[in-house]
Amino acid sequence: MDKTQVIYLILFSVSVLLIMVSLVFVLFSVFNKRRMKFIIEKQEAEKQAEIEMAKIRIENQENLLKSISWELHDNIGQLLSVSKMQLSMLPEQPTDLSRKMVNDTLDVLSRVLEDVRSLSKSLNTDSVGFMGLVKATGFEIDRLNRIKFLNAKFNITGKPFPLKNDDEIVLFRILQELISNVIKHAKASEFELHFHYANNGLVITAQDDGIGMDISKEHYGIGLKNIVSRIKFLNGSIDFHNKNEGGVLTSIKYTIKDPDVMNA
Amino acid sequence: MNIYLYLALVLILPFSSLVISLFFNRNKTNYDLYLNLGLGYMFFNELLNLYIGVYTTLPQIPFANIYCLIFPLIIYRLFYNISNSEIFRKRIKFMAIGLMVFFIIDNLIQRDFFTNFQFHTYLVSTLILIYIVTVILLQIMKSDIIHEYLRSKSFWISLGLLLFYVPFLPVIITFEFMVVNFEIKNIITLFLIMVMNFCFIYASLWTKHR
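Figured I'd write up the structure that's included with this text. Small disclaimer: the values here were computed from a predicted structure and weren't measured.

1. A short note on the nonpolar core
Counting residues in each nonpolar core, the largest one holds 75 residues, and the members touching the most others are Phe31(A), Tyr76(B), Phe79(B), Ile132(B), Phe155(B), Ile157(B) and Leu161(B). Counting residues per element, the ones that place at least two in this core are helix H1 (3-88) of chain A together with helix H1 (3-23), helix H2 (32-55), helix H3 (61-82), helix H4 (86-110), helix H5 (119-142), helix H6 (153-177) and helix H7 (182-205) of chain B. In terms of residue count, the dominant contributor to this core is H6(B) (14 residues). Discounting chain neighbours no more than four positions away, the residues touching Ile157(B) are Tyr31(B), Leu35(B), Leu78(B), Phe79(B), Phe200(B) and Ala203(B). Residues Val170(A), Phe172(A), Ile204(A) and Leu234(A) belong to the second largest nonpolar core, which totals 42 residues.

In structure tokens:
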């Protein structure tokens, strides 16, 4: 090959290589970009599906609780009322002892009736929605104190504001589940619930003086799993911490997705 | 560059791809037949060129001209099988018929089938092929295969063909209008054939998706 031909060869080779490298570079960068987008979309879709599943599960549970609440209110409550009425209409008994027994039974029936009504209220999401999270939680704490199982306290800091109705119901269910766990497993005598309203959301802390719990996720029971899935649904976070002095400190962080809700 | 070395490599490369695709193919698909047919025809064409050049006085040009029509048609058929889009399949069919008609018209006008390389037919077939490969790559990009596109057989076949035909296009156009030493063309062609066959071998050995 003469000199001109060598120059031609170099020129052609460089051009071919340049075209090839540019092609490969463009192709792989476009494909990688699209791949990343695909992965992100897939993750989003999975997350969305998970939220939908949690939503369906929560809706089903709410429906079940509502049915139980109606049953308590309309059926058992009515039966208890009728029993109370009938006992009240009993003619005066000759002996003091019998009269005392009837009066005692009437007292017991009144208390049972009150408990059934308050249980029915706490199970029904409509009443939670109507009363609001703070009031409904207050009722729940009162109910807890009434059964005299433990001494429960409830306090609030910050200025309370209404949250999204569905979110309030879910938060209330989480609190009920927490309280139920304390009653069933904690062996506690004190329970304290604290709401802190901040600008961007609500921080709930619950603590007891019980025996503590195994906080590793593998050992979560159905109740704790329910709490976690509900928190996921709210896009919030939950943290369990065993206190040194005994008992569990639970922190729930809920951030407002739509700030306009605060002004609603 | 030694002409025998060039011929040997040009024969060995498609032959290796063909053997690997036939006997060591780990990812069986519905377009393997056309890939094997294309590789087989590529190998057969080079062998025929070698035989005619060494043992006969026949012209090699008509065989090269037939190759310029048949090979792209096989590749179009391969992509016809790869594509899932009915509209695009119809378009491939239409373009294949268009290429055959163009080939006939080109020969009727030029009347040099036995003496000259059918440059226009080659140009049209290459442009169609680049268009088809681009659309197939876009289809891969929009499908779930994008998640693992490096394990997609159709991606590597498309890449191999694209890396051969796109850089070769300006080279062949320049050679049509300039008098340049044939050896230069051989060296560049050999390099591009190597790259293309590497992609085909990769497609047969290390892919798991369509």
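2. Some thoughts on the packing of H1(B) against H7(B)
Helix-helix packing is described using two parameters, namely the angle between the two axes and the distance between the axes. Residues and elements named next belong to chain B. Look at H1 against H7: their axes get within 9 Å of each other, and the N-to-C directions meet at 15°. One finds that H1 runs roughly parallel with respect to H7. When you trace H1 past H7, the crossing you get is left-handed. Contact residues: H1 offers Ile 3, Tyr 6, Leu 9, Val 10, Leu 13, Pro 14, Ser 16, Ser 17, Ile 20 and Ser 21, while H7 offers Asn 186, Thr 189, Leu 190, Ile 193, Met 194, Asn 197, Phe 200, Ile 201, Ser 204 and Leu 205. Classifying every residue of the contact of H1 with H7 by side-chain character gives 13 nonpolar, seven polar and no charged.

3. Topic: the packing of H6(B) against H7(B)
Residues and elements named next belong to chain B. Orientation of H6 relative to H7, taken along the N-to-C sense of each, is 170°, at an axis distance of 7 Å. Classified by the angle their axes make, H6 and H7 are roughly antiparallel. Of the residues assigned to the contact of H6 with H7, the class counts are 21 nonpolar, three polar and two charged.

4. Thoughts on the interface of chain A and chain B
When the parts come together, some accessible area is lost, and that loss is often what is quoted as the size of the interface. Taken together, the 21 residues of chain A in the interface contact 30 residues of chain B. In total, about 2,400 Å² of surface goes out of reach between chain A and chain B, with carbon and sulfur atoms giving 84% of it. For chain A, the biggest contributors to the area lost against chain B are Phe12(A), Met20(A) and Phe31(A); these three give 28% of the whole. Viewed at the interface, chain B and chain A are joined by zero salt bridges. On inspection of chain A and its partner chain B, the count reaches three residue pairs in polar contact (both at pLDDT 80 or more). Of the residues that constitute the side of chain A that touches chain B, the class distribution is 16 nonpolar, three polar and two charged.

5. Some thoughts on the side chain of Glu168(A)
Residues and elements named next belong to chain A. The residue Glu 168 is located in helix H5 (residues 165-186) in this model. At a separation of 3.0 Å, a polar atom in the side chain of Glu 168 contacts the main-chain amide nitrogen of Leu 163. The contact partners of Glu 168, leaving out residues within four places of it in the chain, are Gly 132, Leu 133, Phe 161, Pro 162 and Leu 163.

6. Some remarks on H6(B)
In an α-helix, one full turn covers 3.6 residues, which means residues spaced three or four apart are oriented alike. Residue and element names in this part refer to chain B. The terminal C-alpha atoms of H6 lie 37 Å apart, and with 25 residues this matches the ideal 36 Å at 1.5 Å per residue to within 8%. In the structure, H6 departs most strongly from a straight axis at Phe 168, where the bend amounts to approximately 35° and where the proline Pro 170 lies between one and four residues downstream. Of all the 25 residues making up H6, 19 are buried; the element is thus mostly covered by neighbouring parts of the structure.

7. Notes on the sheet that holds strand S2 (residues 190-198) of chain A
Residues and elements named next belong to chain A. Taken in spatial order, the five strands line up as S1-S2-S3-S5-S4 in an open sheet, and their pairing is mixed. Of all strands in the sheet, those with a lone pairing partner are strand S1 (151-157) and strand S4 (237-242), marking the two edges. Strand-to-strand twist of the sheet, defined as the mean angle between neighbouring strand axes without regard to direction, takes the value 10°. Alignment of strand S3 (residues 201-208) against strand S5 (residues 248-255), held across seven bridges, turns out to be antiparallel. Bridge assignment links Ile 204 to a residue of S5, and that residue is Ile 252. Of the strands in this sheet, S1, S2 and S3 touch helix H4 (residues 133-146), which is tilted by about 160° from S1.

8. What to know about the environment of Gln118(B)
Residues and elements named next belong to chain B. On the secondary structure map, Gln 118 appears in the loop between H4 and H5. Considering only alpha carbons, one finds Gln 118 and Leu 5, 113 residues apart in sequence, at a separation of 27 Å. If we skip the residues at most four places from it in the chain, Gln 118 touches Asn 65, Asp 106, Asn 107, Asp 112 and Phe 113.

Cut-off values and rules
Sequence order as written defines residue numbering, which begins from 1 separately in each chain. Numbering of ligands from 1 and lettering of chains from A proceed in the order in which they are written. This being a predicted model, a pLDDT of at least 70 is required before a residue's local features are given, and a value of 80 or more before pairs of side-chain atoms are given or counted; all residues contribute to the totals for chains, interfaces and linings. Where side-chain values are given, they derive from all heavy atoms of the structure, hydrogens and water being excluded. Throughout, nonpolar core names a set of buried Ala, Val, Leu, Ile, Met, Phe, Trp, Tyr and Cys residues whose side chains join them through atoms within 4.5 Å. Only protein chains enter the calculation, and the probe is 1.4 Å; a residue is then buried if its accessible area is under 20% of its type maximum, exposed if over 50%, and partly exposed in between. By the criteria applied, helices consist of DSSP H or I runs no shorter than four residues and strands consist of E runs no shorter than two, each listed in order from the N terminus. In this description, contact between two residues means that some pair of their heavy atoms is separated by no more than 4.5 Å. In this analysis an axis means a line fitted to C-alpha atoms, helices contributing only their contacting stretch, and an angle means the value between N-to-C directions, from 0 to 180 degrees. Under this scheme an angle from 65 to 115 degrees is roughly perpendicular, one under 35 degrees roughly parallel, and one over 145 degrees roughly antiparallel; angles in between are oblique. By definition, turning the near helix anticlockwise from the far helix through less than a right angle yields a left-handed crossing, and turning it clockwise yields a right-handed one. Only Asp, Glu, Lys and Arg are considered charged, only Ala, Val, Leu, Ile, Met, Phe, Trp, Tyr, Cys and Pro nonpolar, and every remaining residue, Gly among them, polar. In short, buried area is how much 1.4 Å probe accessible area vanishes from two parts on joining, totalled over both. For this analysis, a salt bridge means a side-chain nitrogen from Lys or Arg found within 4 Å of a carboxyl oxygen belonging to Asp or Glu. We define a polar contact as two N or O atoms separated by no more than 3.5 Å, with the added condition that, inside protein, one atom must be a possible hydrogen donor and the other a possible acceptor, whereas residues neighbouring each other in sequence contribute only through side-chain atom pairs. Expected span of a helix: the number of residues minus one, times 1.5 Å. At every residue, the bend is computed as the angle between two fitted axes, covering the seven residues ending there and the seven beginning there respectively. Strand pairing is assigned whenever DSSP identifies at least 2 bridges connecting the two strands.

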